[in-house]
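Structural features, examined
Here are the chains, one letter per residue:
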Amino acid sequence: MKLNVILAAGCAAILNLAPAQAETLRFSSFEPPNAFITAEVLTPWAKDVSEASGGEVTIQMFPGGTMGRDPAQQIQMVEQGVADIAWVIPGYTPGRFAEGTVGELPFLVRSSRAGSTAMWKMYEEGLFKGDYDKFKMLCICSSPANFIGATRPVREPGGMKGLKMRAPGPTMLSAISALGAVPVGGITAPALAESLSRDLIQGTFLQWGVVESFRLGEVLPFYNEVPLGATPMLVIMNKQKYESLPPKAKAAIDQFAGEAFSERFGTSFDAYMTEARARIAAKNKPEIFTPDEAQAAVWQQTVEIATTDWLARTPDGQKIYDAFTAALKAAGTN
């Protein structure tokens, strides 16, 4: 009997000395695992946080829609605790994260670094609220400017008339309407190649990363690099899950989240855009049209109504717009 007591006490002592098991956080990405953002931005970020936590937390990536294929469902997955963290495109769920649609306005954001830095500043200053407050915001970022990819050449605004065009966000759909095209929403990036091949749409607003990640070079032979609005993006975390973590785990997340993550995202994305454009040009040999200053001015005047409409229907729209343009200017080269 005495021996049993001694053995039990010894086992308890050993268990108390053993390190606690690391908390595993599930990070969902709808992108393929080898796509740039998932492979070169999100996965290294998850590794950095895991290492900085000293074993308190491990972030496991679930790319390629393994936790949920629909990009529009990523927010709900985090809300319901199916995923702890997710990379999301808020434009796929119109009405949520509404203030951030300022980044979709044409002729504002040019580079991902400037757009992402400005986006985070808006949140930090309390100008992005609503759904932003429901999550632990890890990164608020932006693509560089979207431009036109089409199955036929579009060099002037008149060339858009009657074409069925898709955009990744509601504000960009307004710009499509202003150009006389037929706006088509609800088509996510993974569905673009099929939609274009079946002629359900004749073009889309996009950037070079989407062309490469979702293999659109074979179905989009024409591009016009007019800057028609960026795509706001987020990396969000379930707030209750974050609050439940031990202090060292939360500190590791905070170290790499926020402004640091947004700037990291934008800088990497811009470098990738340059490389992806060169690869697509060499491989697919598309027609890439870059408007000169006078041609760009015509485009800008044509889509100006999209900005006017956004200002009219957005609460505090002028205040948000002015603050965002100031933040872009402060961010430096746009």
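The text that follows walks through the structure, step by step, so that each part is easy to find. (Residues numbered from 1 in each chain as written. Predicted model: local features only at pLDDT ≥ 70, side-chain atom pairs only at ≥ 80, totals over all residues. Heavy atoms only, no water.)

**Quick notes on the packing of aromatic side chains**
As a reminder, the rule being used: Stacked, edge-to-face and tilted labels apply to pairs of Phe, Tyr and Trp rings (six-membered ring for Trp) whose centres lie within 6.5 Å, assigned for plane angles under 30 degrees, over 60, and everything in between, in that order. Every helix listed is a DSSP run of H or I at least four residues long, and every strand listed is a run of E at least two residues long, numbered separately from the N terminus. Relative accessibility thresholds used throughout: buried, under 20% of the residue-type maximum; exposed, over 50%; partly exposed, between the two (1.4 Å probe, protein chains only). Whether a charge sits over a ring depends on NZ of Lys or CZ of Arg being within 6 Å of the ring centre and within 35 degrees of the ring normal.
Evaluation of the coordinates by the stated rule reveals 14 aromatic pairs. For the pair Phe147 and Tyr223, a centre-to-centre distance of 6.4 Å together with 75° between the ring planes defines the contact as edge-to-face. A residue pair is termed long-range when its members are at least 10 positions apart, and Phe147 in strand β5 (residues 147-150) and Tyr223 in strand β9 (residues 222-224) qualify at 76 residues. For the residue pair Phe147 and Tyr223, the accessibility class agrees, reading buried in each case. Ring plane angle 80° and centroid distance 5.6 Å describe the contact between Phe265 and Phe269, whose orientation is recorded as edge-to-face. Of this pair, Phe265 and Phe269 are both found in helix α10 (residues 259-284), 4 residues apart, which corresponds to roughly one turn of the helix. A single burial state applies to Phe265 and to Phe269, both of which are buried. An aromatic cluster of at least three residues, connected via ring pairs, comprises Phe97, Trp120, Tyr123, Phe128, Tyr132 and Phe135. Across the ring face of Tyr242, the terminal group of Lys136 is positioned such that the distance to the ring centre comes to 4.3 Å. Across from the ring centre of Tyr242, 5.8 Å away, lies the NZ or CZ of Lys250, which sits over that ring.

**Description of the sheet that holds β5**
Just so we agree on the cut-off: At least two DSSP bridges between two strands are required for those strands to pair. Where helices are involved, their axes are fitted lines through C-alpha atoms of the stretch in contact, as for all axes, and angles between N-to-C directions lie from 0 to 180°. Note on contacts: a residue pair qualifies if any of its non-hydrogen atoms lie within 4.5 Å across the two residues.
The strand order across the open sheet built from 6 strands is β7-β6-β8-β5-β9-β11, with neighbouring strands paired in mixed fashion. Each edge of the open sheet is held by one strand with a lone partner, namely β7 (182-184) and β11 (287-289). Sheet twist, expressed as the average angle between the axes of neighbouring strands with direction ignored, equals 25°. Inspection of the sheet shows β5 paired to strand β8 (residues 203-206) by 4 bridges, in the antiparallel sense. By the bridge assignment for β8, Ile148 is matched with Phe205. Packed onto the sheet, helix α5 (residues 170-178) meets β6 (164-166), β7 and β8 and runs at close to 160° relative to β7.

**Comments concerning the sheet that holds strand β1 (residues 23-28)**
Ordered by their spatial adjacency, 5 strands build an open sheet running β2-β1-β3-β10-β4, and the pairing between neighbours is mixed. Only two strands of the sheet have a single neighbouring strand rather than two, namely β2 (57-62) and β4 (135-145). Sheet twist, expressed as the mean angle between neighbouring strand axes with direction ignored, is 15°. Here 4 bridges tie strand β3 (residues 85-88) to strand β10 (residues 230-238), and the two strands are oriented antiparallel to one another.

**Comments concerning the side chain of Ser213**
One can find Ser213 in helix α7 (residues 208-213). Ignoring any residue separated from it by four or fewer positions in sequence, one finds Ser213 in contact with Glu31, Pro32, Ala35, Phe36 and Tyr272.

**As for the environment of Arg152**
When you line up the elements, Arg152 lands in the loop between β5 and β6. C-alpha of Arg152 to C-alpha of Gly203: the two residues are 51 residues apart in sequence and 8.2 Å apart in space.

**Description of the pattern of salt bridges**
The criterion, for reference: For salt bridges, the criterion is a side-chain nitrogen of Lys or Arg within 4 Å of an Asp or Glu carboxyl oxygen.
Here the structure, examined in full by the defined rule, presents 15 salt bridges. Among the salt bridges present, the one from Glu51 reaches Lys47, with a minimum N-O distance of 2.7 Å. Residue Glu51 and its partner Lys47 are both found in helix α2 (residues 36-52); the two are separated by 4 residues, about one turn of the helix. A salt bridge links Glu125 to Lys121; its shortest N-O distance comes to 3.0 Å. Under the relative-accessibility criterion, Lys121 is labelled partly exposed at 34%. Here the salt bridges do not stand alone but share partners, grouping Glu79, Arg96, Asp131 and Lys134 into one network.

**Here's the deal with the environment of Val88**
Position of Val88 relative to the elements: it lies in strand β3. Between the alpha carbons of Val88 and Pro232 there is a distance of 9.1 Å; along the sequence they are 144 residues apart. Excluding residues that lie within four positions of it along the chain, Val88 makes contacts with Gln74, Ile75, Met233, Leu234 and Ile236.

**Some points on the pairing of β1**
This is how it is decided: Here the term right-handed applies to a crossover when the path leading from its first strand over the helix to its second strand runs clockwise, the strands being oriented away from the viewer.
The sheet contact formed by β1 and β2 spans 6 bridges and is parallel. In the sheet register, Phe27 faces β2, and the bridge partner there is Met61. Of the crossover connections in this fold, the one passing from β1 over α2 to the parallel β2 is right-handed.

The values are spatial; any link to function lies outside them.
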